[in-house]
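# Architecture at a glance
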Amino acid sequence: MSTAIPRQESAMSTAVRPIPFHRLLRVETRKLFDTRSGKVLTTILIVLSLAVVVVRGVVAGPQFELLSGTAGIVFGTLLPVLAILTMTGEWSHRTALTTFALEPRRVRVLAAKCVPPLVATVAACVLALLVAAPVTAAVAAVQGVRPVWTVELLPQLGSIAAMVLTTAMGLALGLLLLNAPAAIVIFLSSTMVWSFVKVMLGSTGETLAQWLDLATACRPLITGDMTGLDVARLAAATLVWVVIPLVVGALRVSRKDIS
Amino acid sequence: MIEFDRVSKTYKEVRALDEVSFTVHEGSVTGFLGPNGAGKSTALRILTGLSRATSGSATVLGRPYAELECPGLQVGTLLDAGAQHPGRTGREVLTLGAMLLGLPRSRAEETLELVGLTGKESGRAVGGYSLGMRQRLGIGHALLGRPKALILDEPANGLDPQGIQWMRTLLRSLADSGCAVLLSSHLLHEVEQIADHVVMIGHGRVLAQGTVAELGGGRGLEQTFLDLTSTADRSAQ
């Protein structure tokens with residue numbers, strides 16, 4: 001136990017300046033990985049993606065584009081969950097008190113929280129390509145088959161964009177609900193609910209999904225043949241699942257009493 | 001200097017704070033006393049810009065807290081020692097704080113030493129900390145930016161007698177160096193040892209304020225407090 005008298009510098013030697021955004025960004029990025037749950041989730045994400053690519057390679061043969069896309073199945077689920085946990089973490093553990101006491105400009109904190117999951121999503125997609133390449137070569141060598149290296153640029157970029165939008169949906173749901181279990185359940189069950197809607201309502205359900213289900217609206221983006229109508233549909237789904245919940249959630253957090 | 005000027009807060013029907021006014025001057029350690037539910041935490045959250053007052057104003061160092069430039073470098077706050085991510089280590093909590101305030105990483109180490117957390121303790125996840133250790137960590141977090149005002153909500157909870165003694169020495173020396181210290185508590189005996197001034201609150205209203213000697217009046221703070229709160233209870237009914 002220390003009873004030492006603290007050395008308090010009586011006058012501040014440096015001028016006090018508001019916290020710059022890059023510093024918030026560094027701290028929020030660090031918060032993603034500095035807890036046990038953050039470390040576990042990151043490890044699972046990496047190991048599972050690698051495993052999925054290798055297994056798919058062995059089963060389906062050395063097809064580069066197919067393999068790199070396979071990792072996306074893991075990312076498409078886990079990165080939005082990571083995004084939800086990032087957004088809701090301060091409320092699950094009530095650390096919002098500390099965070100918003102250090103930076104009362106709350107919307108800046110929220111903006112800083114949005115960036116790392118989005119950057120991680122792009123990085124994960126690039127990493128998937130980098131991992132798929134040696135796996136394709138190795139599987140080809142082992143199985144004695146000619147590898148297929150064909151890659152189409154537009155669908156590749158489209159899948160990355162779709163992945164980024166899916167992560168953004170996670171962020172938006174997290175910010176709107178400020179409750180991790182609720183946001184995760186809604187995110188994970190949305191696929192099921194939409195397939196249910198399509199079955200129950202037939203062509204009406206199909207039309208609804210094209211306009212309002214982000215995953216359905218993203219499909220033309222991934223196949224690389226967007227028409228003008230597809231752009232409008234994607235914009236509508238993005239408005240509903242990303243823009244509106246982000247704006248409503250941010251307004252609510254900026255006004256509410258933090259406790 | 002910390003100043004409350006006729007601060008009121010109403011939640012739907014309930015009046016949580018009713019025209020609360022008091023001042024904490026530089027060099028003073030002021031105890032903000034009241035039973036649970038009296039409105040202490042509400043008042044401190046309004047003071048730190050986390051809640052809005054329905055009317056009235058609260059200022060720290062002459063300005064509303066949220067308008068201070070990088071408030072963490074001017075005002076130290078501990079609003080709930082229990083509000084920590086259980087999976088983060090104590091050292092990491094202070095490192096994050098130091099990073100955000102633009103202080104060197106060494107400041108986290110200095111602070112650990114100041115609040116008496118050993119290297120081994122600081123490397124453990126906060127989830128395994130006792131309340132006393134969380135209080136030390138929280139006080140350390142509040143002191144990172146070498147503040148000129150200090151706002152602590154229930155910092156004495158969970159501290160053992162040595163811990164109380166330690167906190168008295170620490171807060172006294174901070175006040176002597178010109179800091180204005182405000183701490184809330186429902187533990188009267190502990191506050192009597194730590195504070196020089198006292199503000200008593202019950203049902204959202206300031207019941208009495210003055211020096212510990214004035215309010216203790218030979219009978220001790222506890223008796224004065226019980227007298228005041230029982231009157232307040234009766235008048236509230």
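Cut-offs and rules
- Residues numbered from 1 in each chain as written.
- Chains lettered and ligands numbered in written order.
- Predicted model: local features only at pLDDT ≥ 70, side-chain atom pairs only at ≥ 80, totals over all residues.
- Helix = DSSP H or I, 4+ residues; strand = E, 2+ residues; numbered from the N terminus.
- Contact = placed C-beta atoms within 7 Å.
- Rg over C-alpha atoms; globule rule 2.2 N^0.38 Å.
- Buried ≥ 20, exposed ≤ 12 C-beta atoms within 10 Å, placed from the backbone.
- Pairing = 2+ DSSP bridges.
- Axes fitted to C-alpha atoms, helices over the stretch in contact; angles between N-to-C directions.
- Core = buried A, V, L, I, M, F, W, Y, C linked by C-beta atoms within 7 Å.
- Expected span 1.5 Å × (residues − 1).
- Bend = angle between axes of the 7 residues up to and from the residue.
- Left-handed = near helix turned anticlockwise from the far one by under 90°.
- Nonpolar A, V, L, I, M, F, W, Y, C, P; charged D, E, K, R; others polar.
- Parallel < 35°, antiparallel > 145°, perpendicular 65-115°, else oblique.
- Right-handed = clockwise from strand over helix to strand, strands pointing away.

Take the overall build of chain A next. The helix and strand tally for chain A stands at 10 helices and 0 strands. For chain A, the succession of helices and strands along the chain, N to C, is α-α-α-α-α-α-α-α-α-α. Dimensions along the principal axes, computed over C-alpha positions, put chain A at roughly 75 × 50 × 30 Å. Considering only contacts within chain A whose residues lie at least 6 apart along the sequence, 76% involve residues at least 24 apart.

Moving on, we get to the overall build of chain B. In terms of regular secondary structure, chain B is built from 9 helices and 9 strands. For chain B, the C-alpha radius of gyration of 18 Å lies close to 18 Å, the compact-globule estimate for 237 residues. If one aligns the C-alpha atoms of chain B with their principal axes, the spans along those axes are about 50 × 40 × 35 Å.

A few words now on unusual backbone geometry. Residues and elements named next belong to chain A. Despite not being glycine, Leu 178 shows a phi value in the positive range, around 50°. Residue position: Leu 178 is located in the loop between helix H6 (153-177) and helix H7 (180-201). Overall, the presence of 18 C-beta atoms within 10 Å leaves Leu 178 in the partly exposed class.

Moving on: the sheet that holds strand E9 (residues 205-211) of chain B. Residue and element names in this part refer to chain B. Taken in spatial order, the 6 strands line up as E5-E6-E7-E3-E8-E9 in an open sheet, and their pairing is mixed. Each having just a single partner strand, strand E5 (75-78) and E9 make up the two edges of the open sheet. Strand-to-strand twist in this sheet, taken as the mean axis angle between neighbours without regard to direction, amounts to 15°. Pairing geometry for strand E8 (residues 197-202) and E9, over 6 bridges, is antiparallel. Directly across from His 197, in E9, lies its bridge partner Thr 211. Contacts between helix H1 (residues 40-47) and the sheet are confined to strand E3 (29-33), strand E6 (149-153), strand E7 (180-185) and E8, with E6 contributing the most and set at about 145° to the helix.

Attention shifts here to the nonpolar core. Ranked by size, the top nonpolar core spans 137 residues in total, and within it Met 169 and Ala 172 of chain A together with Leu 33, Leu 47, Leu 150, Val 181 and Leu 182 of chain B carry the most contacts. Leaving out residues up to four positions away in the same chain, Met 169 of chain A has contacts with Pro 80, Phe 187, Leu 214, Trp 241 and Val 242 of chain A.

Looking now at H7 of chain A. Residues and elements named next belong to chain A. Taking 1.5 Å of rise per residue, 22 residues should cover 32 Å, and H7 covers 31 Å from first to last C-alpha, within 8% of that figure. Taking the largest bend as the criterion, H7 deviates by roughly 45°, centred on Ser 190. One or two steps after H7, the chain reaches Gly 202, where phi turns positive at roughly 60°.

Moving on, we come to the packing of helix H2 (residues 36-60) of chain A against helix H5 (residues 106-143) of chain A. Residues and elements named next belong to chain A. For the pair H2 and H5, interaxial distance at closest approach is 10 Å and the crossing angle is 35°. Crossing geometry of H2 relative to H5 is assigned as right-handed. Taken together, the residues of H5 that come into contact with H2 (itself represented by Ser 49, Leu 50, Val 53, Val 54, Gly 57 and Val 58) are Ala 128, Val 131, Ala 132, Val 135, Thr 136 and Val 139. Of the residues belonging to the contact of H2 with H5, the class tally is 9 nonpolar, 3 polar and no charged.

All names here are of chain B. Pairing is antiparallel in the open sheet, where 3 strands are placed in the order E2-E1-E4. Only two strands of the sheet have a single partner each, and these edge strands are strand E2 (14-24) and strand E4 (55-60). Neighbouring strand axes in the sheet, compared pairwise and without regard to direction, differ in orientation by 20° on average. The sheet contact formed by strand E1 (residues 2-11) and E2 spans 7 bridges and is antiparallel.

Bringing the environment of Arg 15 of chain B into the picture now. Residues and elements named next belong to chain B. Note that Arg 15 resides in strand E2. For the pair Arg 15 and Gly 76, spaced 61 residues apart in sequence, the C-alpha to C-alpha distance is 28 Å. Once residues lying within four places of it in the same chain are set aside, the contact partners of Arg 15 are Ser 8, Thr 10 and Gly 204.

A word on H1 of chain B. Here H1 of chain B lies mainly inside the structure; 8 of its 8 residues are buried. Just downstream of H1 of chain B, Gly 49 of chain B is the residue with a positive phi angle, here 75°.

Across the boundary between the two partners, chain A contributes 34 residues, which contact 43 residues of chain B. At the level of elements, helix H1 (21-33), H2 and helix H4 (96-102) of chain A are the ones that each hand at least two residues to the side of chain A that touches chain B. Looking at the side of chain A that touches chain B residue by residue, the classes come out as 14 nonpolar, 10 polar and 10 charged.

All names here are of chain B. Counting the residues that bridge the hairpin from E1 to E2 gives 2 residues, and of these Lys 12 lies at a positive phi of roughly 45°. In this sheet, E4 lies alongside E1 in antiparallel orientation, the contact comprising 5 bridges. Considered in E4, the bridge of Ser 8 is made with Ser 55.

Residue and element names in this part refer to chain A. In the contact formed by helix H8 (residues 203-212) and helix H10 (residues 228-255), the axes pass within 6 Å of each other and the chain directions differ by 70°. Classed by the angle they form, the pair H8 and H10 counts as roughly perpendicular. Between H8 and H10, the contacting residues are Gln 210, Trp 211 and Leu 212 on the first element and Arg 233, Ala 236, Ala 237 and Val 240 on the second. For the contact of H8 with H10, a count of residues per class yields 5 nonpolar, 1 polar and 1 charged.

All names here are of chain B. The element E6 is extensively covered by neighbouring structure, given that 5 of its 5 residues are classed as buried. Across the two faces of E6 the burial is the same, with Ala 149, Ile 151 and Asp 153 and Leu 150 and Leu 152 all buried. Here E5 runs beside E6; their pairing, made up of 4 bridges, is parallel. By the bridge assignment, Leu 78 is partnered in E6 with Leu 152. Here E6 runs beside E7; their pairing, made up of 5 bridges, is parallel. Within E7, the residue paired with Leu 152 across the bridge is Leu 183. Between the parallel pair E6 and E7, the chain is carried across by helix H6 (residues 161-176), and the sense of this crossover is right-handed.

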